[in-house]
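# Summary of structural features
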Amino acid sequence: MKVEVGFRLNGYEVRAEVEPHLRLLDVLRDTLGETGTKEGCGEGECGACTVLVDGAAINSCLFPVCEAAGTSVMTVEGLAEANGALSPIQRAFLDHGGAQCGFCTPGIVMAGVALLAENPNPSDAEIRYSLTGNLCRCTGYVQIVAAIRAAAVATRGERGD
Ligand code: FES
Ligand code: FES
């Protein structure tokens, strides 16, 4: 039996008739068509599916969609401006080569958004710690850390280089 679940997604109210056993990841991608969020392991190990629920970074592959009812969900699709202008963290990932194959990138970017909301001036150690749940097999993380450091500077309204 399906149930109706409603939540805010990237600032817009959405409602969907879903099987109650589904994961938030399933509904984001398959029901709502927001395919920016990726599925890697499907069991909470890789972080590719990271989204924000009420500002907290969670693994959407482990998050029952019914628990999203009434929350505010943000995915990578919610970062850019309506006119297509990239957010500071998206721009920083481009500028610093923070993505190679890109599969991990939406999850890592969302983890970075959560970090910077909580800690606008993180150290490199704090950035690396915040990414312990996000695996990247391509970059070696150096560029990712540089991108998040630059995004922190940009978000604080300072000049980054
Ligand atoms: S797909 Fe969710 S943690 Fe890997
Ligand atoms: S850029 Fe390929 S897995 Fe991270």
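Residues numbered from 1 in each chain as written. Chains lettered and ligands numbered in written order. Predicted model: local features only at pLDDT ≥ 70, side-chain atom pairs only at ≥ 80, totals over all residues. Heavy atoms only, no water.

It is worth spelling out the nonpolar core at this point. Counting 25 residues, the largest nonpolar core has Leu-79, Ile-89, Phe-93, Ile-108, Leu-131, Ile-144 and Ile-148 as its most contacted members. Looking at this core, the elements that each hand over two or more residues are α2 (88-95), α3 (105-118) and α5 (142-155). Ranked by residue count, the leading element in this core is α3, at eight residues. Apart from the residues lying within four places of it in its own chain, the contact partners of Phe-93 are Gly-98, Ala-99, Thr-105, Ile-108, Val-109, Ile-144, Ala-147 and Ile-148. (Core = buried A, V, L, I, M, F, W, Y, C linked by side-chain atoms within 4.5 Å. Buried < 20%, exposed > 50% of the residue type's maximum accessible area, 1.4 Å probe, protein only. Helix = DSSP H or I, 4+ residues; strand = E, 2+ residues; numbered from the N terminus. Contact = heavy atoms within 4.5 Å.)

Moving on to the domain arrangement of the protein. Along its sequence, the protein is carved into domain 1 (3-77) and domain 2 (88-155). Placing a centre on the C-alpha atoms of domain 1 and another on those of domain 2 gives a separation of 21 Å. Contact residues are listed per partner, giving 16 residues for domain 1 and eleven residues for domain 2. Roughly 1000 Å² of surface becomes buried between domain 1 and domain 2 when both sides are summed, with 69% attributable to carbon and sulfur atoms. Counting every contact that joins domain 1 to domain 2 gives zero salt bridges. Viewed at the interface, domain 2 and domain 1 are joined by four residue pairs in polar contact (both at pLDDT 80 or more). With three residues, strand β3 (residues 50-53) is the single largest residue contributor to the side of domain 1 that touches domain 2. (Domains from an automatic or database assignment. Buried area = accessible area lost by both parts, 1.4 Å probe. Salt bridge = Lys/Arg side-chain N within 4 Å of Asp/Glu carboxyl O. Polar contact = N/O pair within 3.5 Å; in protein donor to acceptor, adjacent residues only side chain to side chain.)

So, about the layout of surface pockets. Volume-wise, the largest pocket comes out at about 300 Å³. Taken together, 16 residues make up the lining of the largest pocket; nearest its centre are Ala-57, Ala-111, Ala-114, Leu-115 and Ser-130. When residues of the lining of the largest pocket are traced back to their parent elements, those giving at least two are β4 (56-59), α3 and α4 (124-130). Of all the elements, α3 adds the most residues to the lining of the largest pocket, at five residues. For the lining of the largest pocket, the per-class residue count stands at seven nonpolar, seven polar and two charged. No fewer than three residues from each of domain 1 (3-77) and domain 2 (88-155) sit in the lining of the largest pocket. (1 Å grid on protein atoms, 1.4 Å probe; cavity = no way out; pocket = protein on both sides within 12 Å on 5 of 7 lines; lining within 4 Å. Points joined across faces, edges and corners; volume = space filled by probe spheres on them. Nonpolar A, V, L, I, M, F, W, Y, C, P; charged D, E, K, R; others polar.)

Here the structure, examined in full by the defined rule, presents six salt bridges. Taking the shortest distance from any N to any O, the salt bridge between Arg-15 and Glu-4 comes out at 3.1 Å. Of this pair, Arg-15 sits in strand β2 (residues 12-18) while Glu-4 sits in strand β1 (residues 3-9), and the two are eleven residues apart along the sequence. On the basis of relative accessibility, which here comes to 56%, the residue Arg-15 falls in the exposed class. For Glu-13, the salt bridge goes to Arg-8, with nearest N and O atoms at 3.0 Å. We classify Arg-8 as partly exposed; its relative accessible area is 34%. Shared partners join several salt bridges into a network, and the residues in it are Arg-23, Asp-26 and Glu-39.

Our next topic: the packing of α3 against α5. Relative to each other, α3 and α5 sit at 40 degrees, their axes nearing to 11 Å. In terms of orientation, α3 lies oblique with respect to α5. Read as a crossing pair, α3 and α5 show a hand that is right-handed. Counted together, Ile-108, Gly-112, Leu-115 and Leu-116 of α3 and Ile-144, Ile-148, Ala-151, Ala-152 and Thr-155 of α5 form the full contact between these two elements. Tallied by class, the residues present in the contact of α3 with α5 amount to seven nonpolar, two polar and no charged. (Axes fitted to C-alpha atoms, helices over the stretch in contact; angles between N-to-C directions. Parallel < 35°, antiparallel > 145°, perpendicular 65-115°, else oblique. Left-handed = near helix turned anticlockwise from the far one by under 90°.)

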